Every structure is written in structure tokens, then in C-alpha cells.
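Chain by chain, the residues run as shown.
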Amino acid sequence: KYISIIFKIIPWIKLVGISGSLAMMGSSKTDDIDLFVITSKKRIWVTRLMLILITSLTGLRRTRREKQLQVNGKICINLILEESNLAQNKKNIYLAHEVLQMKILWQRDGVYSLFLHANDWAFKFLPNWKSSVLEIRKEKKSTNSFAYKNGKNNLTSVMENFSKNLQLKIMGNPDNSERIEKGALYFHPEDKGVKILGEYKKRLNKLLS
């Protein structure tokens, strides 16, 4: 948890949360730590670069080449969203579970409430989700959430463009575990969604037959 406190030095980060199996207290000793991050508008690439530097310097970064047995306790930042692009386009029960199970380590400007409002479709799949999450859903939107003071900073904008070009050059062509969208970065070394949804549909059909 201490590493997430260090992330607070990055002024453009609005939220850091835990996702995946650890969020549901179902992780094993060999699992990494999946982090979910929300940034200010047009600060997603410079934020990711700084997160990579911090986790690399602390020896906590999970890399592509590391095998499952080598990632115990290491950090995988597998989802970064801009505050202006919180809605998830893929709507299914697996993603609904992923959206609602996230555990917040810290946030700014009430952005978690905005995230839930943007993805309120998830409650249609899981209407009985625990009340603490539903209460957060009812919070008022922060009046400061979209006041992007940093957006007027020309130097930071240059840093954002440089960070984007540098990372895209290093990454090369995205593989199946990487998805790059406007205001959203998805990096899942092991995307279990397809497998889990397939098994879910198989069992559902068995029950209905």
C-alpha cells in the first residue's frame, strides 16, 4: 500500500485502486497486484511513464517477460483511464463484476463516484451489490472534477506528447493483451475475461436446458 502513497506525488492522478483477484481477497502467493488508475484529462501518457519509473526504481514493476512464478507482489498497472473517459464500452457480467469489485486506495475530487455514475449499467447485471458501493453511487458529482487547470500548462502538454510518442515507439505494435484507446489504456498480461465469460455461458445454457 505504501507505493500507492508515493503515487500521490503525481499531481494528475485522481484515483488509485486495486482490481483483480486481490480486490476480492482471492489472490494466491504467486499473484501480482493489479492497479487501476484514473488521471486528469490529457495526462494519461505522462502519468503512465512516471508510474513505470517509480515502480521500476522500487523493483516492484511487473514486466512482460516475467513468468507467473516471478511476479509475486509486483505491480501491474493494467488499466488507466482519463477522468473524461470513464465509461466502459463493453457491457457484460464479467466487466460489471470488475467495475464494482475494485477497492479504492485513495482518490481526489470524488472521482470514484463519477466512475460509478459513468458505468451505472453494471448495477443492472449485479443489482444486489453491497450497499457501501451503492451509497457511494449516490454521492454528488464533484464540481471540480472537470476543471482541468493543468490543461493550460504548455510544458505539461509537451511532456504528455513526448511521453506518448516515446512509449508507443518502445511498445511497437500492441499484442492481444494491450488495448489503446482515446483516454484509456488497457494492459492485461492474462486477460481472463473471454475464458470466464465462455464458462459462464456454458453453465447458464446447461441450467436453462
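**What about a nonpolar patch on the surface?**
The grouping of Y2, I6 and I9 at the surface amounts to a nonpolar patch, some 320 Å² of accessible area in total. Of note, Y2 is situated in helix α1 (residues 2–6). Residue class for Y2 comes out exposed when judged on its relative accessible area of 52%.

**Looking at the packing of helix α3 (residues 44–57) against helix α8 (residues 154–171)**
Close contact between α3 and α8 brings their axes to 7 Å; oriented N to C, the two are set at 65°. Crossing of α3 over α8 shows left-handed handedness. Together, I44, W45, V46, R48, L49 and I52 of α3 and M159, E160, S163, K164, Q167, L168 and M171 of α8 make up the contact between the two elements. Grouping the constituent residues of the contact of α3 with α8 by class yields 8 nonpolar, 2 polar and 3 charged.

**Here's the deal with the confidence of the model for the protein chain**
Interpreting fine coordinate detail is not advised for predicted regions of low pLDDT. Model confidence for the protein chain is summarised by a mean pLDDT of 79, while 72% of its residues fall at 70 or above. Mean pLDDT values for the elements of the protein chain range from 44 in helix α7 (residues 131–137) up to 94 in α3. This model gives residues 131–151 a pLDDT under 50, and the stretch forms 36 contacts once residues within four places in sequence are excluded.

**Side note on the pattern of salt bridges**
Evaluated as defined, the whole model comprises 3 salt bridges. Note that K14 and E83 form a salt bridge whose closest N and O atoms lie 3.0 Å from each other. A residue pair is termed long-range when its members are at least 10 positions apart, and K14 in strand β1 (residues 13–19) and E83 in the loop between β3 (75–82) and α4 (93–101) qualify at 69 residues. Across the pair, E83 and K14 agree in class, each one buried. The shortest N-O distance in the salt bridge between D109 and K14 comes to 3.1 Å. With D109 in the loop between β4 (103–107) and α5 (111–118) and K14 in strand β1, the pair connects residues that are 95 residues apart, well separated along the chain. Judged by relative accessible area, D109 falls into the partly exposed class, the value being 31%. According to the relative accessible area criterion, K14 is buried, its value standing at 8%. Salt bridges sharing partners connect three or more residues here, namely K14, E83 and D109.

**Some words on the environment of K124**
Considering the arrangement of structural elements, one finds K124 in helix α6 (residues 122–125). As a C-alpha pair, K124 and I93 span 31 residues in sequence and 9.1 Å in three-dimensional space.

About the thresholds
Residues numbered from 1 in each chain as written. Predicted model: local features only at pLDDT ≥ 70, side-chain atom pairs only at ≥ 80, totals over all residues. Heavy atoms only, no water. Patch = residues over 30% accessible without salt bridge, like charges linked within 9 Å, V, L, I, M, F, W, Y side chains within 5 Å. Areas by Shrake-Rupley, 256 points an atom, 1.4 Å probe, with all protein chains shown as cover. Salt bridge = Lys/Arg side-chain N within 4 Å of Asp/Glu carboxyl O. Helix = DSSP H or I, 4+ residues; strand = E, 2+ residues; numbered from the N terminus. Buried < 20%, exposed > 50% of the residue type's maximum accessible area, 1.4 Å probe, protein only. Axes fitted to C-alpha atoms, helices over the stretch in contact; angles between N-to-C directions. Left-handed = near helix turned anticlockwise from the far one by under 90°. Contact = heavy atoms within 4.5 Å. Nonpolar A, V, L, I, M, F, W, Y, C, P; charged D, E, K, R; others polar. pLDDT = per-residue confidence, 0-100.

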